[in-house]
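# Fold and geometry: a report
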Amino acid sequence: MSQLYFKNKSKHYVLLMPNFNVGGAENFFIQLANDLFNEGFKVSILVCQKEGALLAKINPLIEIINLNTPRVSFSIPK
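These remarks concern the structure in this document. Position numbers for residues start from 1 in each chain and track the written sequence from start to end. Owing to the predicted nature of the model, reporting of local features is limited to residues with pLDDT of at least 70; listing and counting of side-chain atom pairs is limited to 80 or more, with chain, interface and lining totals taken over all residues. Remark: hydrogens and water are excluded; side-chain values derive from all non-hydrogen atoms of the structure.

## Here's the deal with the side chain of Ser44
Just so we agree on the cut-off: Put simply, DSSP H or I for four residues or longer makes a helix, DSSP E for two residues or longer makes a strand, and each gets a number counted from the N terminus. Categorising residues by exposure relies on relative accessible area from a 1.4 Å probe, with only protein chains included: less than 20% of the type maximum marks a residue as buried, more than 50% marks it as exposed, and the intermediate range marks it as partly exposed. In the analysis that follows, any N or O atom pair within 3.5 Å is treated as a polar contact, provided that within protein one partner can donate a hydrogen and the other can accept it, and provided that, for residues neighboring in sequence, both atoms belong to side chains.
Tracing the chain through its elements places Ser44 in strand E2 (residues 42-47). Relative accessible area serves as the criterion here: at 2%, Ser44 is assigned to the buried category. Looking at Ser44, its side chain comes within polar contact range of the side chain of His12, at 2.9 Å. A distance of 2.7 Å separates polar atoms of two side chains, one belonging to Ser44 and the other to Glu63.

What follows is the structure, given as structure tokens:
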């Protein structure tokens, strides 16, 4: 992506995760969320279940929206 794209700090990124259990994809998304937030972007995390050991790694200023659904496929209507 171009540098111009990342200069627009008004962008809002929303990441969807099933939970915060330990895993490679989960680690990646948490690092991505923290890095984007530290660069000045607005970041929200949609999560099916707000539980798991990696929850403590997220910057506490990042918005976490708990969909309280058992699976990602059940969260789409919400």
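Next comes the rest of the description.
## Let's talk about the pairing of E2
It is a general feature of regular strands that their side chains alternate between the two faces of the sheet. As a reminder, the rule being used: Only when DSSP finds a minimum of two bridges between them are two strands counted as paired. Seen with its strands pointing away from the viewer, a crossover is right-handed if its path from the first strand over the helix to the second goes clockwise.
Note that strand E1 (residues 12-17) and E2 share six bridges and pair parallel. Within the sheet, the bridge partner assigned to Leu16 lies in E2 and is Leu46. Note that the unit made of E1, helix H2 (residues 24-38) and E2 has a crossover that is right-handed. Examined bridge by bridge, E2 and strand E3 (residues 63-66) share four bridges and lie parallel to one another. In the strand pairing of E3, Val47 is matched with Asn66.

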